[in-house]
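Overview (structure and organization)
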Amino acid sequence: MFEKKRTIIGLETGTAKIRVAVGEQSATGALNIVHVSEVESNGVVKGEIVNPGAALEDLRNALADAEDQANVEITHVVLGVTGRHVSGFNNRGVKMIPSADREITEEDVEDVLKDARAVALPNGHCMIHCIRQNFNVDDRTNLPSPVGICGSRLESYLHVVHGNKDRSQTAFKLLKQLELGVDEMAFNGLASAMSLLEPEHKELGALVIDLGAGTTEFVVYANRIIKHTGVVAVGGHNVTNDLALGLRVSQVQAEQLKLKHGEAIADDSCKGQIITLPTDVGLPARSVNLEHLRRIQALRLTETFEIIADALTDNDLWECLGAGVFLCGGGSRTPRIQELAEKVFQLPVTLGKSSLSGPTSVTSVPEFQAAIGLVRFGASQRARRSTGDSFMERLAEPLKAISAWRNPVKAR
Ligand SMILES: Nc1ncnc2c1ncn2[C@@H]1O[C@H](COP(=O)(O)OP(=O)(O)O)[C@@H](O)[C@H]1O
Ligand SMILES: [Mg+2]
């Protein structure tokens, strides 16, 4: 007899590519990534859809390709979100327990989490995630669950990821036009971390950085909980722009030079080396200095890492990164990026591969990690629902705006 498998689809509307990851979950909960489709992304700038017409076509093509290649029918997706409007912070809730000998109950926990959730978000923003961190009972700190403990003051901590509602809704609307439902919505950086990290990395503490084309997402896990999330509105396109300006070449030439000759570190080995560019008919021959190229590239990448390092300092996170730094995204293909990251963070750096099972030709691709992680996020939310953890469901569920769109699709 056939084992019934569920299909979970992760959709990343990236700046460079739209990616559709197809995962299968067995009845026992085992998750397998079977395929990732990608198409050029023409309607996205810095992680946000700015040309809905072009994005709709790209989405249609990417989803159709995934259906063909993986032989599945896609009716719902887990949608990734990013952009400069997305950010995360920790928030605290407090509840006084009237008598000191009173045992903390589920109800107290619900109350204190409700208090922690009562946050004033910037105008027009909505919560994408509201994730439970830990609890304190009087001077006992970092408790995973306080139920049954006696104390007088209960504190809870939540990590809130929020973003601009209108900007997040554009992708929902396009998917609605394609008659697709959105099961969940998740921050791309969180998804990448969910793809790359094993439980022991989360326990030891890890910084995950996804170096995309328009944005760089980062997430810090420690003691198995999310400590921090952020987006730097800088990516590989900025490196290319800098090269185009600094070397006085076209964007296309700058991208080609970056991919062919680029490195994250400019050292003496490239001093005095000249690269001759292929000439267009009628134009004089051009050449660029390899050292200049790599210096420009190294400057932008160093600056990006330093912005993240500053966030670690501001949030007091340096001490909790025992497993080091994990890199993914197209930018992590830059030769010697590991060396540069080690220099900036003074931590061991790993070029990440997905910890999920699936063909290595899929799971080891650095650019696929966000889409793959969205599948894992979808599976984890499903598991919470099926174990009846309605409490966590209420807390961790992102925008559930589209339950009405759940009609299966035949033709788009
Ligand atoms: N070998 C490489 N060296 C430097 N940059 C690279 C390399 N390969 C890909 N990139 C850059 O990675 C970026 C695309 O990354 P990707 O993760 O696909 O972006 P997104 O998820 O935002 O669509 C582009 O800016 C591209 O130039
Ligand atoms: Mg990406």
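Residues numbered from 1 in each chain as written. Chains lettered and ligands numbered in written order. Predicted model: local features only at pLDDT ≥ 70, side-chain atom pairs only at ≥ 80, totals over all residues. Heavy atoms only, no water.

Here we look at the site of ligand 1
Quick reminder of the rule: A cutoff of 4 Å decides nearness: a residue is near a molecule or strand if any of its heavy atoms lies inside that distance of it. Here a polar contact is recorded for every N or O atom pair within 3.5 Å, except that within protein the pair must consist of a potential hydrogen donor and a potential acceptor, and residues adjacent in sequence are included only if both atoms are side-chain atoms. Values of accessible area rely on a 1.4 Å probe in the Shrake-Rupley scheme; residue burial ignores everything except the protein chains shown. The way it works is that DSSP assigns letters per residue, a run of H or I at least four long becomes a helix, a run of E at least two long becomes a strand, and they are numbered from the N terminus.
Ala16, Arg19, Glu255, Lys258 and Gly330 are the nearest of the 20 residues found near ligand 1. A distance of 3.4 Å separates an oxygen atom of ligand 1 from a polar atom in the backbone of Gly331. Protein contacts shield 89% of the accessible area of ligand 1, which totals 580 Å² for the unbound molecule. Those elements giving two or more residues to the shell around ligand 1 turn out to be strand S2 (17-25), helix H6 (236-247) and helix H7 (251-261). Top contributing element to the shell around ligand 1 by residue count: H7, with three residues.

Comments concerning the sheet that holds strand S14 (residues 225-232)
Going by this rule: A pair of strands is treated as paired once DSSP finds two or more bridges between them. The axes are straight lines fitted to the C-alpha atoms, using for helices just the contacting stretch, and the angles between their N-to-C directions are given from 0 to 180°. Two residues qualify as a contact provided that any one of their heavy atoms is within 4.5 Å of a heavy atom in the partner residue.
If you trace the five strands from one edge of the open sheet to the other, you get S14-S13-S12-S17-S18, paired in mixed fashion. Unpaired on one side and paired on the other, S14 and strand S18 (349-351) mark the two borders of the sheet. Pairs of neighbouring strands in the sheet enclose a mean axial angle of 20 degrees, with direction left out of account. Bridge count between strand S17 (residues 324-328) and S18: three bridges; the pairing is parallel. From the neighbouring strand, Phe326 faces S18, where its bridge partner is Thr350. On top of the sheet, helix H4 (residues 188-196) reaches strand S12 (206-211), strand S13 (216-222), S14 and S17; it is set at about 55 degrees to S13, its chief contact. Across the sheet, helix H9 (residues 337-345) touches S12, S17 and S18, and the angle it forms with S18 is around 155 degrees.

Topic: the pattern of salt bridges
The test is simple: The salt bridge definition used is simple: a Lys or Arg side-chain nitrogen within 4 Å of an Asp or Glu carboxyl oxygen. Burial classification: accessible surface area is computed with a 1.4 Å probe over protein chains only, and a residue below 20% of its type maximum counts as buried, one above 50% as exposed, and the rest as partly exposed.
Using the criterion set out here, one finds 24 salt bridges in the structure. We note a salt bridge from Glu48 to Arg167, for which the minimum N-O separation is 3.1 Å. Of this pair, Glu48 sits in strand S5 (residues 48-49) while Arg167 sits in helix H3 (residues 165-177), placing them 119 residues apart in sequence. On the accessibility criterion, Glu48 (15% relative accessible area) is buried. In this structure, a network of salt bridges that share partners links the residues Glu263, Asp267, Arg294, Arg336 and Glu339.

Let's talk about the domain arrangement of the chain
Many descriptions give the size of an interface as the accessible area lost when the pieces come together. Here is the rule we go by: Domain limits in this description derive from either an automatic procedure or a database domain assignment. Buried area: the accessible area, evaluated with a 1.4 Å probe, that two parts lose upon being put together, summed over both parts.
By domain assignment, the chain separates into domain 1 (87-161) and domain 2 (198-352). With centres defined by C-alpha atoms, the gap from domain 1 to domain 2 works out at 37 Å. Across the contact, eight residues belong to domain 1 and five residues belong to domain 2. A buried area of about 560 Å², summed over both sides, lies between domain 1 and domain 2, and 50% of it is on carbon and sulfur atoms. For the pair domain 1 and domain 2, the interface holds three residue pairs in polar contact (both at pLDDT 80 or more). When contributions to the side of domain 1 that touches domain 2 are tallied by element, the ones reaching two or more residues are strand S7 (87-96), strand S8 (125-137) and strand S10 (153-164).

Thoughts on the packing of H7 against helix H8 (residues 290-314)
Just so we agree on the cut-off: Orientation categories follow fixed angle ranges, with anything under 35 degrees roughly parallel, anything over 145 roughly antiparallel, 65 to 115 roughly perpendicular, and all other angles oblique.
Direction vectors running N to C along H7 and H8 enclose 95 degrees, while the axes themselves pass 11 Å from each other. Classified by the angle their axes make, H7 and H8 are roughly perpendicular. Residues Leu257, Lys258 and His261 of H7 pack against Leu290, Leu293, Arg294 and Gln297 of H8.

Some thoughts on unusual backbone geometry
Even without a glycine there, the phi angle at Asn71 is positive, about 55 degrees. Among the structural elements, Asn71 can be located in the loop between helix H1 (52-70) and strand S6 (76-81). For Glu179, which is not a glycine, the phi torsion comes out positive at approximately 55 degrees. Along the chain, Glu179 falls in the loop between H3 and strand S11 (181-187). When its relative accessible area of 38% is taken as the criterion, Glu179 is described as partly exposed.

Details of the packing of aromatic side chains
The relative placement of two aromatic rings is captured by the distance of their centres and the angle of their planes. Threshold: To pair, rings of Phe, Tyr and Trp, with the six-membered ring standing in for Trp, must have centres within 6.5 Å; the planes then decide the type, stacked if under 30 degrees apart, edge-to-face if over 60, and tilted in the middle.
Throughout the structure, instances matching the rule amount to two aromatic pairs. Taking the centre distance of 5.5 Å and the plane angle of 65 degrees together, the rings of Phe305 and Phe345 count as edge-to-face. Here Phe345 lies in helix H9 and Phe305 lies in helix H8, a separation of 40 residues in the sequence. The two residues Phe305 and Phe345 agree in class, both being buried. Between Trp318 and Phe345, the aromatic rings sit 6.3 Å apart at their centres with planes inclined by 45 degrees, giving tilted as the arrangement. Remark: Phe345 occurs in helix H9 and Trp318 occurs in the loop between H8 and S17; sequence separation between them is 27 residues. For Phe345, a relative accessible area of 2% gives the class buried. Among the aromatic residues, ring-to-ring pairing joins Phe305, Trp318 and Phe345 into one connected group.

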